[in-house]
Amino acid sequence: MKKDIRALILEDNTSDADLLIRHLRKSGLSFVTKIVDSRNIFEESLDTFLPDIILSDYALPSFDAVSAFKIVKDRSLNIPFVIISGTIGEENAVMLIKEGVTDYVSKNNFSSLIQKINRALKEAEELVQKEELIEKLKIQKDCSTA
């Protein structure tokens, strides 16, 4: 796993963002964060900040996690997407996880956050390794049939 995890945080509430960052610091994870609160800055950050993981509030005044996740999906980015919210509701969380969101953590209970982040990053890393292996096998196959 990378030494410094690049966490893009989609959050409009400064207190909630500070609480999340404090929790990450206490965990001992080595990370760099960027906090965004709008669609334009979120999209720009995908290209410039190059996050390893996205931690997103469910609802912001002008943007939301569903739209943010759709952008990530439409760009075919392999970035774990964890929703951290107190307002999503279990039904919505389950629906989004079925759609491909990595996980959900309640703002009222951060106890599982670090475990979920570590699992999400590990799964993303394994997927990259699998894709690299498939590509190598394709190249080998092409070379042997040429």
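Anything mentioned here points back to the structure above.
This section reports on the structure supplied with the text. Treat the numbers as computed from the prediction; the structure is a model and nothing was measured.

### Structural notes on the nonpolar core
- Residues L8, L10, F42, L46, I54, F81 and I83 are the most contacted members of the largest nonpolar core, which totals 22 residues.
- When residues of this core are traced back to their parent elements, those giving at least two are β1 (5-10), α2 (39-48), α3 (65-74), β4 (81-85) and α4 (90-99).
- In terms of residues, this core owes the most to one element, α3, which gives five residues.
- With residues up to four places along the chain from it excluded, the contact list for I54 reads L8, F42, L46, V72, I79, P80, F81 and V82.
- Counting 19 residues, the second largest nonpolar core, distinct from the first, contains I21, L24, I53 and F110.

### What about the sheet that holds strand β2 (residues 31-36)?
- With parallel pairing, the five strands of this open sheet are ordered in space as β2-β1-β3-β4-β5. A single partner strand is all that each edge strand has here, and the edge strands are β2 and β5 (103-106). Within the sheet, the average angular offset between the axes of one strand and its neighbour, ignoring direction, is 20°.
- Set on the sheet, helix α1 (residues 14-27) makes contact with β1, β2, β3 (53-56) and β4; between it and β2 the angle comes to about 170°.
- On the sheet, α3 packs against β1, β3 and β4 and is oriented at approximately 175° with respect to β4.

Cut-off values and rules
- Residues numbered from 1 in each chain as written.
- Predicted model: local features only at pLDDT ≥ 70, side-chain atom pairs only at ≥ 80, totals over all residues.
- Heavy atoms only, no water.
- Core = buried A, V, L, I, M, F, W, Y, C linked by side-chain atoms within 4.5 Å.
- Buried < 20%, exposed > 50% of the residue type's maximum accessible area, 1.4 Å probe, protein only.
- Helix = DSSP H or I, 4+ residues; strand = E, 2+ residues; numbered from the N terminus.
- Contact = heavy atoms within 4.5 Å.
- Pairing = 2+ DSSP bridges.
- Axes fitted to C-alpha atoms, helices over the stretch in contact; angles between N-to-C directions.

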